[in-house]
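Spelled out, the chains give:
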Amino acid sequence: MQSLIGTGVALVTPFKKDFSVDIEALQRIVNFSIDGGVEYLVVMGTTAENATLTESEKELVINTVIDVNKGRLPLVLGVGGNNTMQIVEELKTRDFSAFEAILSVSPYYNKPTQEGIYQHFKAIAEASPIPVILYNVPGRTSSNMLPSTVIRLANDFDNVVAIKEAAGDMAQALQLIKNAPKDFLVISGDDMIALPIVLAGGAGVISVIGQGFPKEFTEMIRLGLNKKVAEAFKTQYFLSDCIDMIFEQGNPAGIKQVFQALGIADNTVRLPLVSVDESLAQRLNEFVKNSIK
């Protein structure tokens, strides 16, 4: 899918100081990302703190992004979890007309076997009316979706079109790139190794930092896709300290501090997450201040 090549961003859900959803800030974030040149937007991923949102808040966020986007960029919706039947029911009943694909995380907490993971995504692929992006993030799910399972799903279901690979394991990413069927997209889920994955044949990234520095990050990925290695790595090294910092005390606390420094949104997160401490806030504020030209 050409529309998923390049930089997608996993949008945060901004909150006001009273922890209510800040719709005006969300509108600013969407426009900032679009104006910065990202290729597509991901709604209701982990970065959106969707685990702490009510159903009505989720719908408010989804509808706000659709309205602000106005069809300018492809949209991807996070539809995943560890209750397969519940996900299948949502896939059968939700209106997906505004979305290009779903992003579905490998089941967390249950710790299924590889066969269980396969059967989970088999049910999703058979129920989904739009293409499916698998999402492997062992640091959050407690289980690793092995390349053999991913390749099996990609071969068995035409609508399983990509994987967001966030194991942080370059060797595993290379296995996927090497063995995946033609046109199956390996998308980095790790900002720090997105460029190396792209240079190895990956399709791009679903990024966190990309929404805070959209111009720089999207340009880096485009340079990587065009194999302009030296130029791309200049941006990689410029952003690398900030990438480390935004994940130092958890996501999305770090990227929300970047948005506060940019004057776009408050840094509030919902429990059990907490905002970054004063030391990290100062370092992030300084980085943002020095990066603005």
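Residues numbered from 1 in each chain as written. Predicted model: local features only at pLDDT ≥ 70, side-chain atom pairs only at ≥ 80, totals over all residues. Heavy atoms only, no water.

1. Things to note about the sheet that holds strand β8 (residues 204–207)
Short version of the rule: Note on pairing: DSSP must find at least two bridges between two strands before they are called paired. Runs of H or I in DSSP of at least four residues are treated as helices and runs of E of at least two as strands, each being numbered from the N terminus. Lines are fitted to the C-alpha atoms to define the axes, a helix being fitted only along its stretch in contact, and any angle between axes, read from their N-to-C directions, falls within 0 to 180 degrees. When checking whether two residues touch, look at their non-hydrogen atoms; a contact exists if any pair is within 4.5 Å.
With respect to topology, eight strands assemble into a closed barrel ordered β1-β2-β3-β4-β5-β6-β7-β8, the strand pairing being parallel. In this sheet, neighbouring strand axes are inclined to one another by 25° on average, regardless of whether the strands run parallel or antiparallel. Looking at chain direction, strand β3 (residues 75–78) and strand β4 (residues 101–105) are connected through three bridges and run parallel. When the bridges of β4 are listed, Val76 appears paired with Ala101. Its contacts with the sheet put helix α7 (residues 170–179) on β5 (132–136), β6 (160–165) and β7 (185–188), and the angle it makes with β6 is roughly 165°.

2. A look at the nonpolar core
Let me state the cut-off plainly: Nonpolar core, defined: a set of buried Ala, Val, Leu, Ile, Met, Phe, Trp, Tyr and Cys residues in which side-chain atoms within 4.5 Å join the residues together. Relative accessible area decides the class of each residue, using a 1.4 Å probe on protein chains only: under 20% of the type maximum gives buried, over 50% gives exposed, and in between gives partly exposed.
Core analysis: the biggest nonpolar cluster contains 81 residues, and Leu41, Val43, Val65, Leu134, Phe217 and Cys242 have the highest contact counts within it. Judged by nonpolar contacts, the second largest core, of 18 residues, contains Leu4, Ala10, Val105 and Ile206.

3. Details of the UniProt feature "site: Part of a proton relay during catalysis" (unreviewed entry) in the protein
In plain terms, the rule: UniProt positions are given in the numbering used here, feature names are shortened, and annotations may be inferred rather than shown by experiment. Points on a 1 Å grid over protein atoms alone make up a cavity when a 1.4 Å probe fits among them but cannot get out, and a pocket when they form an open set with protein on both sides within 12 Å along at least five of seven lines; lining residues each have an atom within 4 Å of a point.
Sites flagged by UniProt as "site: Part of a proton relay during catalysis" (unreviewed entry) map to Thr46 and Tyr109. Residues from the named set that contribute to the lining of the largest pocket are Thr46. Take Thr46: it is sitting in the loop between β2 (40–43) and α2 (55–69). If we ignore the near neighbours within four places in the chain, the residues touching Thr46 are Tyr135 and Arg140. Within the secondary structure, Tyr109 is located in the loop between β4 and α4 (114–127).

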